[in-house]
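Summary of structural features
Single-letter residue listing:
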Amino acid sequence: MGDETAFLGVESSVLGRRWMGPDAALQRLTDAMAQTTRLPRAVCAVLSRSGVPPEGAEDYLAPSLRALLPDPRGLRDMERAAARLLAAVDGAEKIAVFADYDVDGGASAALVICWLRAMGHVATLYIPDRIDEGYGPNVPAMETLAQTHDLIICVDCGTVSHDPIAAARGADVMVVDHHLGTETLPPAYAVVNPNRQDETGNLGHLCAAGVVFLLLVEANRQLRARGRQGPDLMAFLDLVALATVADVAPLIGVNRAFVRQGLRVMSGRSRVGLRALADVARLEAAPTAYHLGFVLGPRVNAGGRIGAADLGARLLASDDPVEAEALAERLEVLNAERREIEAAVRADAMAQAQARGAEGALVWAAGDGWHPGVIGITAARLKESLARPAIVIGLDGDEGKGSGRSVPGIDLGAAVQRLVREGLLLKGGGHRMAAGLTVARAQIETAMERLSELLAQQGAGAAGAASDLRIDSALMPGAVTVELIEQLETAGPFGAAAPAPRFAFPDMRIQSLRRMGETHLRLRFGDGESNSLEAVAFGAFESELGPALATAQGTRLHLAGKMEINQWGGRRSVQLRLDDAAVPNS
């Protein structure tokens, strides 16, 4: 990508975006791959964009966990942690699992709890309340757990929790995490984290559940060395897939295999919690990465955001269908409430960010009374809308608690940690794509200005990046079939660091259209011959796209979006999820 010439000559679309396609070199690679592999050119365009050579296409399209799974022992403290876990099981010790309240934390906790259950061991689950306790281990909770447990396993948290872990006197504490570490580690028995400062490997893209999975792989390996059989870990991959997508981990390397294999496991509907959640969400089709990130993930998160923090983890770990159904229904109600709260905060935050100016390296907003449970998802919405790293801060008294989301290529967690070292934040941490922070009210302006400087040094807010719409290739309606989309899906899963392919349909005519609800639009477009396609534009009337399309029936337009299979009434058909439109230059 990166040709200076706008794709199809679109310098400013209906949404004011410049369309950018593959450069000449990438197009040559695509053509060569199509000739060598005999794959559809659209598929080759996606593979070339991902840096896949022709000889690697077959393996890339069928990612194997066996081939891609790293050796767990490449991580520091791994063997020690697995041995301690097995000793606790063999000694019938009391084990507590302390987890973060998001999807990654809940899935990580469920992995440990389900593995222990299969080993005949029952563990205690502890997830802190977001408002009363905040993120990660705290001194009172760790002191209390240590009084009645021999081993405390902190998952998706704990790497920077020095004092709370020191307070767990009388118990061993293990940390299995992926958040950025500081120069010193907490006084834990083991800290397994690919993002420790002293790690030299290349596994920093794993979410916490991915790291926990590797711990269980190592534990099973040590069991086999003793002539014993461990639980079937392939059945656990649905949890790893859910966490990987929901935590916006980059879909590269073993993460692709985690998600691909995990979706296959999930389609079998054997985990009662995920089955119940899919049912309340009315998910009838086989799950995709989209469903993990935008249907199931938000519902698992809802408890930690505005309800009881442990609901999601309890659901994922449940083996009781009746309990799972009740938990899923409660999460469904909470998710609806979360949407209402989020909508109000998002409107205020967007107005504030735009009033401040959305052209810099960082967009941010802060407000009194903003619910701490929705500031993270609001930051994600700002980031998506404005294509910049975003911070949203909920103020309470003299302090504010903030949550941030980043864009690819910008390490937000490292920048936040630097602000902590510089004394501009009271607390802060995270990873490349997300971060949390606590800041004094009087320091907010100064801290955000400095954070913007640090992110600008990494390239955030570079001119043109926010307004570019990336196009992989051009297509005509007659070339699009269910089979083509299925082949494109083999180049996935798509998500963070692996965006779903977007195609342009040049010189189309809108044949019919109808409004759906208040903001959505469904239409049919064609090439002027006998070939036509259905398209849907969600949220079209929240932007200029809806009004422009509504008055364009019969006129020529370039259309751009992502192809998908629409399943309705037992039938499968293709449709375009429309992202943008443009008037041809001539």
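First things first, this report covers the structure right here in the doc. (Residues numbered from 1 in each chain as written. Predicted model: local features only at pLDDT ≥ 70, side-chain atom pairs only at ≥ 80, totals over all residues. Heavy atoms only, no water.)

Points about the overall build of the protein
In plain terms, the rule: Under the scheme used here, helices are H or I runs from DSSP no shorter than 4 residues and strands are E runs no shorter than 2 residues, and both carry numbers assigned from the N terminus. Here the globule rule is a power law, 2.2 Å times the number of residues to the power 0.38, and the radius of gyration is based on C-alpha atoms. Only protein chains enter the accessibility calculation, which uses a 1.4 Å probe; a residue is then buried when its area is under 20% of its type maximum, exposed when over 50%, and partly exposed in between. Here the Shrake-Rupley method, with its probe set to 1.4 Å, supplies the accessible areas, and only the displayed protein chains count as covering residues. Two residue types count as positive, namely Lys and Arg, and two as negative, namely Asp and Glu; His and chain ends fall outside the count. A single reference atom marks each charge: NZ on Lys, CZ on Arg, CG on Asp, CD on Glu.
When you go through the protein residue by residue, the secondary structure sums to 20 helices and 18 strands. Against the 2.2 N^0.38 benchmark of 25 Å for 586 residues, the protein shows a C-alpha radius of gyration of 24 Å, consistent with a compact globule. If you line up the protein on its principal axes, its C-alpha atoms span 75 × 60 × 45 Å. A total of 586 residues make up the protein; the buried ones form 55% of that total. If you sum the accessible surface of the protein, you get close to 24,500 Å²; carbon and sulfur atoms cover 49% of it. For the protein, the separation between the mean place of its 58 positive charges and that of its 71 negative charges on side chains is 3 Å.

Details of the nonpolar core
Quick note on the threshold: The definition of a nonpolar core used throughout is a set of buried Ala, Val, Leu, Ile, Met, Phe, Trp, Tyr and Cys residues joined through side-chain atoms within 4.5 Å. Whether two residues are in contact is decided by their heavy atoms, any of which lying within 4.5 Å being enough.
Ranked by internal contacts, the top residues of the largest apolar core, which has 90 residues, are Trp-115, Ile-153, Val-155 and Leu-296. Setting aside residues up to four positions removed in sequence, Ile-153 forms contacts with Leu-85, Ile-95, Ala-96, Val-97, Phe-98, Val-112, Met-174 and Val-176. Judged by nonpolar contacts, the second largest core, of 40 residues, contains Tyr-60, Met-508, Ala-540 and Met-563.

Points about helix 9 (residues 208-225)
Filter applied, for reference: Here a helix's expected span is defined as the number of its residues, less one, multiplied by 1.5 Å.
With 18 residues, helix 9 extends 26 Å between its outermost C-alpha atoms, agreeing within 8% with the 26 Å of an ideal straight helix rising 1.5 Å per residue. Where burial is concerned, most of helix 9 is hidden: 15 out of the 18 residues are buried. In the segment just after helix 9, Gly-227 is the residue with positive phi, at about 80°.

What to know about the packing of aromatic side chains
This is how the line gets drawn: Only centres within 6.5 Å qualify two rings of Phe, Tyr or Trp (six-membered ring in Trp) as a pair; their planes then separate them into stacked at under 30 degrees, edge-to-face at over 60, and tilted for everything else.
Under the counting rule described, the total for this entry stands at four aromatic pairs. The interplanar angle of 75° and the centroid separation of 5.5 Å between the aromatic rings of Phe-213 and Phe-258 together place this pair among those described as edge-to-face. Within this pair, whereas Phe-213 is found in helix 9, its partner Phe-258 is found in helix 11 (residues 254-267), the two being separated by 45 residues in sequence. Phe-213 gets classed as buried once you look at its relative accessible area, which sits at 2%. Taking the relative accessible area as the measure of exposure, Phe-258 reaches 0% and is therefore buried.

So, the pairing of strand 17 (residues 556-568)
This is how it is decided: Here, a strand pair is defined by DSSP locating no fewer than two bridges between the strands.
In terms of strand pairing, strand 14 (residues 503-516) meets strand 17 through five bridges, oriented antiparallel. Each bridged residue has a counterpart across the sheet, and for Met-508 the counterpart in strand 17 is Leu-557. Judged from the eleven bridges that link them, strand 17 and strand 18 (residues 571-582) form a sheet pairing that is antiparallel. Bridged to Leu-559 within strand 18 is Ala-581.

Let's talk about the state of the cysteines
Convention followed: Cysteine sulfur atoms are paired as a disulfide whenever they fall within 2.5 Å.
For the coordinates displayed, the defined rule picks out zero disulfides. Here Cys-114 stays unpaired: no disulfide links it, and the sulfur of Cys-207, its closest cysteine neighbor, is 16 Å away. The exposure class assigned to Cys-114 is buried, which follows from its relative accessible area of 9%.

Let's talk about the side chain of Ser-403
Which entries qualify depends on this criterion: Whenever two N or O atoms come within 3.5 Å, that pair is a polar contact, provided that in protein one can donate a hydrogen and the other can accept it, and provided that, for residues adjacent in sequence, both atoms are side-chain atoms.
Tracing the sequence through the fold places Ser-403 in strand 9 (residues 399-405). What makes Ser-403 buried here is its relative accessible area of 11%. Among the polar contacts listed, one links the side chain of Ser-403 to the side chain of Arg-405, at a separation of 3.0 Å. For Ser-403, the residues in contact, after removing those within four places along its chain, are Ile-375, Gly-376, Ala-379, Ala-390, Ile-391, Val-392, Ala-435 and Gly-436.

Concerning the sheet that holds strand 6 (residues 190-192)
This is how the line gets drawn: Think of each axis as a best-fit line through the C-alpha atoms, taken over the contacting stretch in the case of a helix, with angles from 0 to 180 degrees between the N-to-C directions.
Taken together, five strands build an open sheet; the order of strands is 3-2-4-5-6 and the sheet is parallel. Only two strands of the sheet have a single neighbouring strand rather than two, namely strand 3 (124-126) and strand 6. On average, each strand axis in the sheet is inclined to that of its neighbour by 20°, with strand direction left out of account. Sheet topology note: the strand 4 (residues 151-155)/strand 5 (residues 172-176) ladder contains five bridges and is parallel. Its bridge partner being in strand 5, Ile-152 is matched across the sheet by Val-173. Along the sheet, helix 6 (residues 103-118) makes contact with strand 2 (95-99), strand 3 and strand 4, crossing strand 2 at roughly 165°.

Digging into the packing of helix 6 against helix 10 (residues 237-246)
What counts here: Relative orientations are named as follows: roughly parallel for angles under 35 degrees, roughly antiparallel for angles over 145 degrees, roughly perpendicular for angles from 65 to 115 degrees, and oblique for any other angle. Here a crossing is called left-handed whenever its near helix is offset anticlockwise from the far helix by less than a right angle, and right-handed whenever the offset is clockwise. For this classification, the nonpolar set comprises Ala, Val, Leu, Ile, Met, Phe, Trp, Tyr, Cys and Pro, the charged set comprises Asp, Glu, Lys and Arg, and every other residue, Gly included, is treated as polar.
For the pair helix 6 and helix 10, the least separation of the axes is 8 Å and the interaxial angle reads 165°. Overall, the two elements helix 6 and helix 10 adopt an arrangement that is roughly antiparallel. Helix 6 and helix 10 meet at a crossing whose hand is left-handed. Each of Val-103, Asp-104, Ala-107, Ala-110 and Leu-111 in helix 6 lies in contact with helix 10, whose residues at this interface are Leu-239, Val-240, Leu-242, Ala-243 and Ala-246. Residues belonging to the contact of helix 6 with helix 10 are distributed by class as follows: nine nonpolar, no polar and one charged.

Scope: geometric values only; no functional claims are made or implied.
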